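Observations on chain architecture
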Amino acid sequence: MTETVQFDSLGLAPELLRALTDSGYTTPTPIQAQAIPLALAGGDLMAGAQTGTGKTAAFLIAAYQRVLNAEGERPEQRQPLVFALAPTRELAIQIAKDAEVLGAHTGLKIGLAYGGTDYEKQRKRLSDGVDLLIGTPGRIIDFFKQGVFKLDRVEVAILDEADRMFDLGFIKDIRYLLRRLPSPEKRLNLL
């Protein structure tokens with residue numbers, strides 16, 4: 001009989017454990033139990049599982065842990081440390097909601113960038129500085145080209161539903177953005 005993994009056995013920061021407890025989570029889903037330890041050990045990860053199994057949460061937990069472990073003196077102007085790309089604004093919004101729940105006690109700021117609405121509001125939030133940048137390729141490229149933020153401090157790159165982004169023809173946009181991040185060996189890559 002296999003022993004069930006608990007979140008508190010994964011060596012997570014107290015801020016993350018508190019958010020998980022506040023949300024009622026104690027036991028990782030199977031994909032989380034497999035993925036989180038690998039990502040925490042610094043290994044890049046490509047995970048495939050059904051929708052609703054907790055892949056995004058696994059990626060966010062690993063991303064938060066990495067940033068919290070590396071946390072030192074923050075420059076006055078915050079720049080993204082975590083970069084999460086999604087194929088649709090609905091998914092980007094959902095990732096941001098999950099990030100808010102999981103990061104509730106971290107003090108890290110989340111910024112959301114997607115097309116169709118709230119252009120100036122999003123631009124202002126991002127220009128004020130964020131630690132986690134979540135969004136869709138087109139809007140992120142737009143803001144990046146305007147110099148609203150830099151991508152040279154990113155420690156974790158998440159491509160959520162990467163297969164869907166490829167199917168939708170975002171490969172050139174993804175390549176453009178990935179080339180602006182630190183080299184792959186200097187960041188954690190999760191897809």
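See the structure printed just above.
These notes cover the structure that comes with them.

Cut-offs used in this document
- Per chain, the residues get numbers from 1 upward, laid out in the order the sequence is written.
- Only residues with pLDDT of at least 70 get local features here, since the model is predicted, and only at 80 or more are side-chain atom pairs given and counted; chain-wide, interface and lining totals rely on the full set of residues.
- Where side-chain values are given, they derive from all heavy atoms of the structure, hydrogens and water being excluded.
- Take the buried Ala, Val, Leu, Ile, Met, Phe, Trp, Tyr and Cys residues and link them wherever side-chain atoms come within 4.5 Å; each set so joined is a nonpolar core.
- Each residue is assigned to one of three classes by its accessible area relative to the maximum for its type, calculated with a 1.4 Å probe on protein chains only: buried under 20%, partly exposed between the two thresholds, exposed over 50%.
- Put simply, DSSP marks the helices as runs of H or I at least four residues long and the strands as runs of E at least two long, and each gets a number from the N terminus on.
- Residues are treated as being in contact if the distance between any of their heavy atoms lies within 4.5 Å.
- The rule for pairing is simple: two strands pair if DSSP sees at least two bridges between them.
- In this analysis, axes come from line fits to C-alpha atoms, helices being fitted only over the stretch in contact, and the angle between any two N-to-C directions falls in the range 0 to 180 degrees.
- Pairing of aromatic side chains requires ring centres within 6.5 Å, counting the rings of Phe and Tyr and the six-membered ring of Trp. Pairs whose planes differ by under 30 degrees are stacked, by over 60 edge-to-face, and all others tilted.
- A carboxyl oxygen of Asp or Glu within 4 Å of a side-chain nitrogen of Lys or Arg is what we treat as a salt bridge.
- Residues adjacent in sequence count toward polar contacts only when both atoms are side-chain atoms; beyond that, a polar contact is any pair of N or O atoms within 3.5 Å, and within protein one must be able to donate a hydrogen and the other to accept it.

**Let's talk about the nonpolar core**
- I61, Y64, L132, I134, I158 and L190 are the most contacted members of the largest nonpolar core, which totals 40 residues.
- At the level of secondary structure, the elements contributing two or more residues to this core comprise α1 (14-22), α2 (30-40), α3 (55-70), β1 (82-85), α4 (89-102), β3 (132-135), β4 (156-159) and β5 (188-190).
- Residues contacting Y64, with those up to four places away along its chain left out, are L16, A99, E100, L102, G103, T106, L108, I110 and L132.
- Counting 23 residues, the second largest nonpolar core, distinct from the first, contains I140, V148, F149 and F170.

**Here we look at the sheet that holds strand β2 (residues 110-113)**
- What the 5 strands build is an open sheet, ordered β2-β3-β1-β4-β5; its pairing is parallel. At either margin of the open sheet sits one strand with a lone partner, and together these are β2 and β5. Each neighbouring strand pair of the sheet contributes to a mean axis angle of 15°, computed without reference to strand direction.
- The pairing of β1 with β3 spans 4 bridges and is parallel. From the neighbouring strand, V82 faces β3, where its bridge partner is L132.
- Along the sheet, α3 contacts β1, β2, β3, β4 and β5; its crossing angle with β4, the most-contacted strand, is approximately 170°.

**Comments concerning the packing of aromatic side chains**
- Applying the stated criterion to the full structure yields 3 aromatic pairs.
- Summarising the aromatic geometry, the rings of F144 and F149 are spaced 6.2 Å apart at their centres and angled 45° between planes, so their arrangement reads as tilted. Across the pair, F149 and F144 agree in class, each one buried.
- On the numbers, 6.2 Å between centres and 80° between planes, the contact of F144 with Y176 is edge-to-face. Linking F144 in helix α6 (residues 137-145) with Y176 in helix α8 (residues 171-178), this pair joins segments that are 32 residues apart in sequence. Of the two residues examined, F144 and Y176, each falls in the buried class.

**Digging into the pattern of salt bridges**
- Applying the stated rule across the entire model yields 3 salt bridges.
- Here D128 ties to K124 by a salt bridge, and the two come within 2.9 Å at their closest N and O atoms.

**Remarks on the side chain of D131**
- Inspection of the secondary structure assignment puts D131 in the loop between α5 (119-127) and β3.
- Within polar-contact distance, the side chain of D131 engages the side chain of R78 at 3.3 Å.
- Among the polar contacts made by the side chain of D131, one reaches the main-chain amide nitrogen of K109 at a distance of 2.7 Å.

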